[in-house]
Amino acid sequence: MLANRPLLNTQWTVRVSISRNCAERSSFSISGSSTAPTPNTNTVGNTSYFVSQSNGNCESSRKEIVVTVNAIPSAPTVTSPINYCEGDNANALNATGVNLLWYTTIGSSSSSTAPTPSTANAGTFNFYVSQTQNNCESNTATITVNILAKPTTPTITANGPVQICSGNSVTLTSSANNGNQWYKDGSSISGATSQNYTVTQAGSYTVELTNANGCKAISAPQIISFYANPVAIGIDKNVFEGDSVLMTNFVSGGNSYTFNWFPSIYLSNDTILNPWVVKPLSDMLYTLTVINENGCSGSASVFVRLLKELIIPNAFSPNGDGINETWELVNLNLYTNCSVDIFDRNGQVIFHSIGYQKPWDGKVNGKPVPAGVYYYIIDRKNNKPKYSGWVTLIK
């Protein structure tokens, strides 16, 4: 490689004619000297030299030699420095000039093919390039390539199982305190730049770390999956006083289950889906907890209503004294779909009610009925026998 030279090319134009008009012996001289001069290449331009030959005392005519000294071209235009992160894909170097020659070190052999820097290792590397015009090679321009160190590849740790039940969460933690960006399924998560990220959705999670050089490294993916929770459906039940009833609940969302009932009072078995409720003495509210084979849970509530026997008075006195003004049927409110029909002695219906929200007050169409005996039929609508009998209205 040529560097820092004032001149690179000397062109000689020689016009020589030898005439043998004195004798056979000839001699060669330039500028009156028999020693050929060495042209000065420090100045750009043309210089003429003259040469003749002699034979004895006879000198030939002189011929002109023109020496042209061309200017050294300027070094190519380059962009420097160029920065890459360690492991990046690099491009071939480029420069603005003609007939470019590339060098990897000072004094190395040149190549007309631009080199592509290696990014395998961090460091600073110099490359050199010249251009050639009129057979003169320029000084070299230097291109500095900085291979910036990338950060240590981050790792992800989870604070619990990575296969979790729906509705739960797991927190992922990056090994780096700062410079994090979390991704889900290859897309960045807006605002997720802290060391920790709480996952509530299934997916493939990675964290990308950026160091002060702007270089990046990305972790291996962490797969988070969610199991479905079992779904329990509780069916409320009515049970007559002194009777028992079998539950008829449903469950889905798994292949195998464990069951637990709370409280367990009056239940034939508190570890099966549908136990018997055995002769309860009061209304009961039960909670069923179901756990499937993945350890995921669901729950349901079951209300068991105790339907007590009716207390039916055989008389009442709607006379305005505030005592026994209506025919109160104790516990009939438990039978919401019941029907009550009251008849006069001729068999005519004088009162009809679905449910018994407003007890009979001894009136028909707002007018009091006469004192006497009236007959009733009460149907609880629970496949139980109807109540029938008489009631005396006293004035």
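The preceding data block contains the structure.
Residues numbered from 1 in each chain as written. Predicted model: local features only at pLDDT ≥ 70, side-chain atom pairs only at ≥ 80, totals over all residues. Heavy atoms only, no water.

## A look at the overall build of the chain
- Looking only at helices and strands, one finds zero helices and 35 strands in the chain.
- Looking at the 395 residues of the chain, the share that counts as buried comes to 34%.
- Taking the contacts inside the chain whose residues are at least 6 apart along the sequence as the reference set, 56% of them involve residues at least 24 apart.
- Split by element, the accessible area of the chain, about 22300 Å² in all, is 48% carbon and sulfur. (Helix = DSSP H or I, 4+ residues; strand = E, 2+ residues; numbered from the N terminus. Buried < 20%, exposed > 50% of the residue type's maximum accessible area, 1.4 Å probe, protein only. Contact = heavy atoms within 4.5 Å. Areas by Shrake-Rupley, 256 points an atom, 1.4 Å probe, with all protein chains shown as cover.)

## Topic: the packing of aromatic side chains
- Under the definition given, this model contains 10 aromatic pairs.
- For the pair tyrosine 197 and tyrosine 205, a centre-to-centre distance of 6.1 Å together with 35 degrees between the ring planes defines the contact as tilted.
- Here tyrosine 197 falls in the partly exposed class, since its relative accessible area comes to 22%.
- Summarising the aromatic geometry, the rings of phenylalanine 351 and tyrosine 356 are spaced 6.3 Å apart at their centres and angled 80 degrees between planes, so their arrangement reads as edge-to-face.
- On the basis of relative accessibility, which here comes to 14%, the residue phenylalanine 351 falls in the buried class.
- The class for tyrosine 356 is buried, based on a relative accessible area of 9%.
- By the ring-pair criterion, three or more aromatic residues cluster together here, those being Phe316, Phe351, Tyr356, Trp360 and Tyr374. (Phe/Tyr/Trp six-rings, centres within 6.5 Å; stacked < 30°, edge-to-face > 60°.)

## A few points about the sheet that holds strand E6 (residues 82-85)
- The sheet built from four strands is open, its strands ordered E6-E11-E8-E7 with mixed pairing. Strands with a single pairing partner mark the edges of an open sheet, and in this sheet they are E6 and strand E7 (101-103). Averaged over all pairs of adjacent strands, the angle between their axes in this sheet comes to 25 degrees, without regard to strand direction.
- In the sheet, E7 pairs with strand E8 (residues 123-130) via three bridges, with the strands oriented antiparallel. The partner of leucine 101 across the bridge, within E8, is serine 130. (Pairing = 2+ DSSP bridges. Axes fitted to C-alpha atoms, helices over the stretch in contact; angles between N-to-C directions.)

## Quick notes on the state of the cysteines
- In total, this model carries two disulfides according to the counting rule given.
- The side chain of cysteine 85 participates in a disulfide bridge whose partner is cysteine 215; the two sulfur atoms lie 2.0 Å from each other. Every disulfide takes its handedness from the sign of the S-S torsion; for cysteine 85 and cysteine 215 that torsion is -90 degrees, giving left-handed. Taken together, the positions of cysteine 85 in strand E6 and cysteine 215 in the loop between strand E18 (203-210) and strand E19 (216-218) put the pair 130 residues apart, joining distant regions of the chain.
- Residue classification places cysteine 85 among the buried residues on the basis of a relative accessible area of 15%.
- Across a sulfur-sulfur distance of 2.0 Å, cysteine 165 and cysteine 296 are joined as a disulfide pair. (Disulfide = S-S within 2.5 Å.)

## Considerations on the sheet that holds strand E31 (residues 349-354)
- Judged by pairing direction, the sheet is mixed, and its five strands sit side by side in the order E29-E35-E34-E30-E31 without closing on themselves. Looking at which strands have only one partner, the edges of the open sheet turn out to be strand E29 (315-316) and E31.
- Bridge count for E29 against strand E35 (residues 387-393) is two bridges, and the pairing is parallel. Bridge assignment links alanine 315 to a residue of E35, and that residue is threonine 392.

## Some words on unusual backbone geometry
- Residue proline 81 is bonded to the preceding serine 80 through a cis peptide linkage, with omega at 0 degrees.
- Each neighbour pair has its own omega, and for phenylalanine 262 with proline 263 the value is -10 degrees, a cis peptide bond.
- The residue proline 263 is located in the loop between strand E25 (257-262) and strand E26 (276-277) in this model.
- The backbone of asparagine 135 sits at a positive phi, close to 65 degrees, despite the residue not being glycine.

## Some details on the nonpolar core
- Core analysis: the biggest nonpolar cluster contains 23 residues, and Trp327, Leu332, Ile342, Trp360 and Ile378 have the highest contact counts within it.
- Among the secondary structure elements, those contributing two or more residues to this core are strand E30 (339-343), E31, strand E34 (372-379) and E35.
- When sequence neighbours within four positions are dropped, the list of residues in contact with isoleucine 342 reads Trp327, Gln348, Val349, Ile350, Phe351, Trp360, Tyr374, Tyr375 and Tyr376.
- Within the second largest apolar cluster, 17 residues are counted, among which are Ala232, Val239, Phe259 and Met284. (Core = buried A, V, L, I, M, F, W, Y, C linked by side-chain atoms within 4.5 Å.)

## Quick word on the side chain of arginine 380
- Its place among the elements puts arginine 380 in the loop between E34 and E35.
- Judged by relative accessible area, which is 4%, arginine 380 ranks as buried.
- Here the side chain of arginine 380 touches tyrosine 387 through a polar contact of 3.3 Å, side chain to side chain.
- Apart from the residues within four sequence positions on either side, arginine 380 is in contact with Phe240, Glu309, Leu310, Tyr335, Cys338, Pro385 and Tyr387. (Polar contact = N/O pair within 3.5 Å; in protein donor to acceptor, adjacent residues only side chain to side chain.)

## So, the pairing of E31
- Examined bridge by bridge, E30 and E31 share five bridges and lie antiparallel to one another. For phenylalanine 343, the partnering residue across the bridge sits in E31 and is valine 349.

## Thoughts on the pattern of salt bridges
- Scanning all chains against the criterion turns up five salt bridges.
- Here aspartate 243 makes a salt bridge to lysine 384, at a shortest N to O gap of 3.0 Å. You can see aspartate 243 sitting in the loop between strand E22 (237-240) and strand E23 (245-246) and its partner lysine 384 sitting in the loop between E34 and E35, a full 141 residues away along the chain.
- Aspartate 243 sits in the partly exposed class, given a relative accessible area of 29%. (Salt bridge = Lys/Arg side-chain N within 4 Å of Asp/Glu carboxyl O.)

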